[in-house]
2 protein chains.
Amino acid sequence: METIFNHRSIRQFSDRLPDSDVINKMLTAAVRASNTGNMQVYSIIVTTDSDLRTQLASCHFNQPASKAPLHVTFCVDVNRFSKWCRLRDAQPGYDNFLWFLCGATDALLASQNFVLEAEHNGLGICYLGTCLYNARKISEILKLPKGVIPVATIAVGYPIETPEITDRLPLEAVVHYQTYSDYSDEDINRLWHERENSDETSKLLEVNQLPNLAQIFTQKRYPEKDNVAISEELISLLKEHGFMN
Amino acid sequence: METIFNHRSIRQFSDRLPDSDVINKMLTAAVRASNTGNMQVYSIIVTTDSDLRTQLASCHFNQPASKAPLHVTFCVDVNRFSKWCRLRDAQPGYDNFLWFLCGATDALLASQNFVLEAEHNGLGICYLGTCLYNARKISEILKLPKGVIPVATIAVGYPIETPEITDRLPLEAVVHYQTYSDYSDEDINRLWHERENSDETSKLLEVNQLPNLAQIFTQKRYPEKDNVAISEELISLLKEHGFMN
């Protein structure tokens, strides 16, 4: 499908907001995705307000994409479903880890439909992975109650740049047939060969003054110390919401 | 986008396997999805072998959709990336909760692209939520090493049924503007009104001999006792993989 194969993340947007009928089309696309038991244990928060976006952008370290005119936050939400249960004299049992994962699954499948419908309508998007880094701060800004946790932020707007499509590892790197075939050292060397020998990698190594691409990831981009600190914060946030039961 | 708006889950398939070029198109669509830092911390396992599928189907309680000719399992995978790091004298720090969530995000976005490309090519799909119920057993069958955990199973094949499109809650039930607006009792009653008063719900209440739809969810479909037991099992599986750091 053309839209899928043409996807590239957009980080520079014009100020123009999409019309409300376009926003509604994207939201309607989102809810058509499969979801657990048709319980729709997720919520979608559409933020256009300039003050709120400024606060949200700071949660994403003010990276260029966070200046988009539209922030769309996909959240696990067992609050709504549990309220319905309690109103019907039914005891909800969804404040646990399984339902955090079910809600995250629902929210993420919906988000990908939203993204494709956005791109199909001429918009550009960027997933802001930093949503997980500052989930607590984002929750406060968006006034999320107990049982609601953000799992994906999508920056949306009309593109004012046309980046190249990003490379991927060869398909054989991520696909296994029948069962998982673990990787030999030779496999790893072969699968990363093209990327490690690209012009882009050469430039990165020069800028970062490091001997190889892997060390750029482990020392600069996603070092263990940060990963562990963010993980602790996420686990404690989930505990407060009852999701670690 | 037509494919998105026409989605319905398919649970009855013919025995016909898609051609390998169609399978490759779906897999290529999958890897085009956004992913964390272009690290692709996921793997996709395509299972057609009849013995393996029989074993997998039992993990999904032999529900009709689990008899599909193709089982596609989307997994968090930090194993491959970590091996690459170690081979390059870089210390990987991805065996923690943040990277479980990053991997799950990557895997799920890829899975939704896979699904849409499948449907665009005339195939039908069903997400088997039971993947999370028996993640450990599925991991054994698929020989997943440490650092690899299944998060979504998709049953795929050519449909031999044409079900109606499933209803959803009204869009306003899941969408919030600017910040989260919590639900009053009146909101909940209004948002569920149509579903609670449908013919389908009437039939369900009669079959289940229960006073309302919410109790069908809490007592029959997803009771707290089961949710908690599965959650404990999932948390212990994640711990064994180092993902609870």
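Residues numbered from 1 in each chain as written. Chains lettered and ligands numbered in written order. Predicted model: local features only at pLDDT ≥ 70, side-chain atom pairs only at ≥ 80, totals over all residues. Heavy atoms only, no water.

Caption draft 1: Summary view of the pattern of salt bridges. Residues and elements named next belong to chain A. Enumeration according to the criterion identifies 18 salt bridges over all chains in this entry. The shortest N-O distance in the salt bridge between Arg136 and Glu240 comes to 3.0 Å. Of the two residues, Arg136 sits in helix H6 (residues 135-141) while Glu240 sits in helix H11 (residues 224-240), which places them 104 residues apart along the sequence. A relative accessible area of 24% means that Arg136 is categorised as partly exposed. Members of the salt-bridge network, linked through shared partners, are Arg136, Glu233 and Glu240. (Salt bridge = Lys/Arg side-chain N within 4 Å of Asp/Glu carboxyl O. Helix = DSSP H or I, 4+ residues; strand = E, 2+ residues; numbered from the N terminus. Buried < 20%, exposed > 50% of the residue type's maximum accessible area, 1.4 Å probe, protein only.)

Caption draft 2: Main features of the interface of chain B and chain A. In this assembly, 112 residues from chain B lie in contact with 112 residues from chain A. Of the roughly 10,300 Å² buried between chain B and chain A on both sides combined, carbon and sulfur atoms contribute 62%. At the boundary of chain B and chain A, one finds four salt bridges. With its nearest N and O atoms 3.2 Å apart, the salt bridge here joins B:Lys83 to A:Asp182. Where chain B packs against chain A, one counts 82 residue pairs in polar contact (both at pLDDT 80 or more). Examining the composition of the side of chain B that touches chain A, we find that 15 residues originate from one element, helix H5 (residues 97-120) of chain B, more than from any other. Considering only residue class, the side of chain B that touches chain A consists of 60 nonpolar, 34 polar and 18 charged. Here three bridges tie strand S1 (residues 42-47) of chain A to strand S5 (residues 175-177) of chain B, and the two strands are oriented parallel to one another. (Contact = heavy atoms within 4.5 Å. Buried area = accessible area lost by both parts, 1.4 Å probe. Polar contact = N/O pair within 3.5 Å; in protein donor to acceptor, adjacent residues only side chain to side chain. Nonpolar A, V, L, I, M, F, W, Y, C, P; charged D, E, K, R; others polar. Pairing = 2+ DSSP bridges.)

Caption draft 3: Structural view of the sheet that holds strand S5 (residues 175-177) of chain A. Strand order across the open sheet formed by five strands is S5(A)-S1(B)-S2(B)-S4(B)-S3(B), with mixed pairing between neighbours. Lying at the two open borders of the sheet, with one neighbouring strand each, are S5 of chain A together with strand S3 (124-128) of chain B. Strand-to-strand twist of the sheet, defined as the mean angle between neighbouring strand axes without regard to direction, takes the value 25°. Each of S5 of chain A together with strand S1 (42-47) and strand S2 (70-77) of chain B is contacted by helix H2 (residues 20-31) of chain B, which is oriented at about 165° to S1(B), the strand it contacts most. (Axes fitted to C-alpha atoms, helices over the stretch in contact; angles between N-to-C directions.)

Caption draft 4: Quick look at the relation of the copies chain B and chain A. Superposition of chain B onto chain A requires a rotation of 180° combined with a translation of 0.0 Å along the rotation axis, giving an RMSD of 0.0 Å. Taken together, the rotation and translation relating the two chain copies correspond to the operation of a two-fold axis. Taken as a fraction of all interface residues of chain B, those also at the interface in chain A reach 100%, which identifies the copy contact as same-surface. (Least-squares fit on C-alpha atoms with pLDDT ≥ 70 in both.)

Caption draft 5: Quick look at the sheet that holds strand S4 (residues 148-157) of chain A. The strand order across the open sheet formed by five strands is S3(A)-S4(A)-S2(A)-S1(A)-S5(B), and the pairing between neighbours is mixed. Both edges of this open sheet fall to strand S3 (124-128) of chain A together with S5 of chain B, since each of them pairs with a single strand only. Here the strands of the sheet are splayed against their neighbours by 25° on average, with no regard to which way each runs. With five bridges connecting them, S3(A) and S4(A) associate as antiparallel partners. Each residue of the ladder has a partner; that of A:Gly124, found in S4(A), is A:Gly157. Relative to strand S2 (residues 70-77) of chain A, helix H3 (residues 50-59) of chain A is tilted by about 70°, and along the sheet it contacts S1 and S2 of chain A.

Caption draft 6: A look at unusual backbone geometry. Residue and element names in this part refer to chain A. Located in the positive-phi region is Asn62, a residue other than glycine, with phi close to 50°. With respect to the secondary-structure elements, Asn62 resides in the loop between H3 and S2. A residue is classified by how much of its surface remains accessible, and Asn62, at 41% relative accessible area, is partly exposed.

Caption draft 7: Layout of empty space enclosed by the protein. A full pass over the atoms with the stated rule returns four cavities of 30 Å³ or more. By volume, the largest cavity amounts to about 100 Å³. As for the largest cavity, its lining consists of A:Leu101, A:Ala104, A:Thr105, A:Leu108, A:Leu132, A:Val151, B:Phe100, B:Leu101, B:Ala104, B:Thr105, B:Leu108 and B:Val151. Residues belonging to the lining of the largest cavity are distributed by class as follows: 10 nonpolar, two polar and no charged. (1 Å grid on protein atoms, 1.4 Å probe; cavity = no way out; pocket = protein on both sides within 12 Å on 5 of 7 lines; lining within 4 Å. Points joined across faces, edges and corners; volume = space filled by probe spheres on them.)

Caption draft 8: Summary view of the pairing of S4(A). Residue and element names in this part refer to chain A. Of all 10 residues making up S4, 10 are buried, and the element is well covered by its neighbours. Note: S2 against S4, eight bridges, orientation antiparallel. Paired with Asp77 across the strands is Val148, a residue of S4.

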